[in-house]
Amino acid sequence: MLNTTEKGPDPFLFTIFISILALGFLVLASTSAPLSQEKFGESFYYLRHQTIFGLIPGLVLLFVFYKIDLNLLKKYSLILLLAILILTTLVFVPKIGIKIRGGARWIGFGPFSFQPSEFLKLAFIIYLAGWLESQTKTKDKNFTKTLIAFLIILAIISLILIAQPDVSTLGVIFATALVMFFLSKTPIWQTFLILALAVLVFIPLIKVVPYRFFRILTFLNPDFDPLGIGYQTKQALIAIGSGKLFGLGLGLSQQKFGILPQSFSDTIFAIFAEETGFFGCLFLIFLYLMFFWRSFKIGKEKKEEFQRLLAFGISFWICFQAFINIGAMIRILPLTGIPLPFFSYGGSHLMSEMGAVGILLKISKE
């Protein structure tokens, strides 16, 4: 007798995702209201914009990736990656690319704009999972060729992102790729070799561009430029400290009234800490850790290497990005422009992250 029951997606992972997403929109509504009222005469302009250009298309992507056959996704992963790479290079084309704060990272078509590098994170993880599986499945394994090919792929992506410049995104992509490379059972000395090469590349990148170097100086010495490049970090720490144990209450932040720069994008965690306090921060970090644990567990239970690496890559990417953002706010890491997953304002990163969740839910269902 045939079993007609079909396994659904992992309910625990889905509940964690919905919890983080709902909490993120609640905090975004509170944090963006003052600037929205000042610029547009209404409190929910940015929230509505995030819903229309982030949440709704993100739900569509989540549904598409949840429904798509994973073997089909693996088959066309190279085409997907090449398409995103082409879009990523279009940021340099006049009248298509948009420069914001000195960075050519956005593409604009009429009233619509998006950041291709956010989608590059997901496309590269999908491609890398399929490619690493094909390399480890071959009878005549040649790990040296695998290493060289891996370095060439990374070099191409690195050149494009450095030219924008978007070194923070490159750092996230590199770290995720390195973890996936290590978990694909390649020789451990190759992982350390890649890490050493990366250090040799990143040190000149920091020294050559003044603002990156000053960010490191500010991280090491907060009083280096308190009214300049160190201002954002100083105000973020003031916001976090003001929250104490239980916070000032949702909607009662003082720093969001034009004091803390980018209060509802890159530094939204500081406002969240101010309004919910130490225990609110612990709860959010707990949710991210649960997301990582559940996603990693789903991947660990899979026998197919593609699904396993895909789940590992997505879970590491999202939670590593959360760690980088939160770490910069509490000054255990230098300041970056990395958004807080599911929280920060910006449609591109939210769509990409929600698409990734769709893949995780699909893997959990398989």
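Here the structure is a predicted model, which means the values were calculated and not measured.

Parameters and conventions
Residues numbered from 1 in each chain as written. Predicted model: local features only at pLDDT ≥ 70, side-chain atom pairs only at ≥ 80, totals over all residues. Heavy atoms only, no water. Salt bridge = Lys/Arg side-chain N within 4 Å of Asp/Glu carboxyl O. Helix = DSSP H or I, 4+ residues; strand = E, 2+ residues; numbered from the N terminus. Buried < 20%, exposed > 50% of the residue type's maximum accessible area, 1.4 Å probe, protein only. Disulfide = S-S within 2.5 Å. Core = buried A, V, L, I, M, F, W, Y, C linked by side-chain atoms within 4.5 Å. Contact = heavy atoms within 4.5 Å. Bend = angle between axes of the 7 residues up to and from the residue. Polar contact = N/O pair within 3.5 Å; in protein donor to acceptor, adjacent residues only side chain to side chain. Axes fitted to C-alpha atoms, helices over the stretch in contact; angles between N-to-C directions. Parallel < 35°, antiparallel > 145°, perpendicular 65-115°, else oblique. Nonpolar A, V, L, I, M, F, W, Y, C, P; charged D, E, K, R; others polar.

1. A word on the pattern of salt bridges
Okay, so step 1: If you walk through the whole model with that rule in mind, you get eight salt bridges.
Okay, so step 2: Among the ionic pairs, E133 bridges to K74, the shortest N-O distance being 2.9 Å. Residue E133 is located in helix α5 (residues 116-137), and its partner K74 is located in helix α3 (residues 70-75); the two are separated by 59 residues in the primary sequence.
Okay, so step 3: Overall, E133 belongs to the buried group, its relative accessible area being 4%.
Okay, so step 4: Using a relative accessible area of 22% as the deciding quantity, one classes K74 as partly exposed.
Okay, so step 5: Across the pair K121 and E118 runs a salt bridge, and its minimum N-O distance is 2.9 Å. Of the two residues, K121 and E118 both sit in helix α5, three residues apart, roughly one turn of that helix.

2. As for the state of the cysteines
Okay, so step 1: Tallied over the entire structure, the rule returns zero disulfides.
Okay, so step 2: Sulfur of C281: no disulfide; nearest cysteine sulfur belongs to C319 and is 16 Å away.

3. Section: the nonpolar core
Okay, so step 1: Ranked by internal contacts, the top residues of the largest apolar core, which has 94 residues, are L310, I314 and F343.
Okay, so step 2: Looking at which element gives the most residues to this core, the answer is helix α12 (residues 305-329), with 13 residues.
Okay, so step 3: Sequence-distant contacts of L310, defined by excluding residues within four places in its chain, comprise L73, I125, I126, A129, I359 and I363.

4. Here's the deal with helix α1 (residues 11-40)
Okay, so step 1: Maximal helix bending in α1 amounts to about 45°, located at A33; proline P34 follows within four positions.
Okay, so step 2: Where α1 begins, one side-chain oxygen reaches toward the backbone nitrogen of F12, 3.3 Å away; that side chain belongs to D10.
Okay, so step 3: Remark: G41 follows α1 within two positions and exhibits a positive phi of approximately 75°.

5. Thoughts on the side chain of N325
Okay, so step 1: Its place among the elements puts N325 in helix α12.
Okay, so step 2: At 2.7 Å, the side chain of N325 and the backbone oxygen of I338 are in polar contact.
Okay, so step 3: Beyond its immediate sequence surroundings of up to four residues, N325 is in contact with D266, F269, I338, P339 and L340.

6. Examining the packing of α5 against helix α13 (residues 347-365)
Okay, so step 1: Interhelical geometry of α5 versus α13 gives an angle of 25° and a closest axis separation of 7 Å. Overall, the two elements α5 and α13 adopt an arrangement that is roughly parallel. Contact residues: E118, F119, L122 and I126 in α5; S348, H349, M351, S352, G355, A356 and I359 in α13.
Okay, so step 2: When the residues that make up the contact of α5 with α13 are grouped by side-chain class, the tally is six nonpolar, four polar and one charged.

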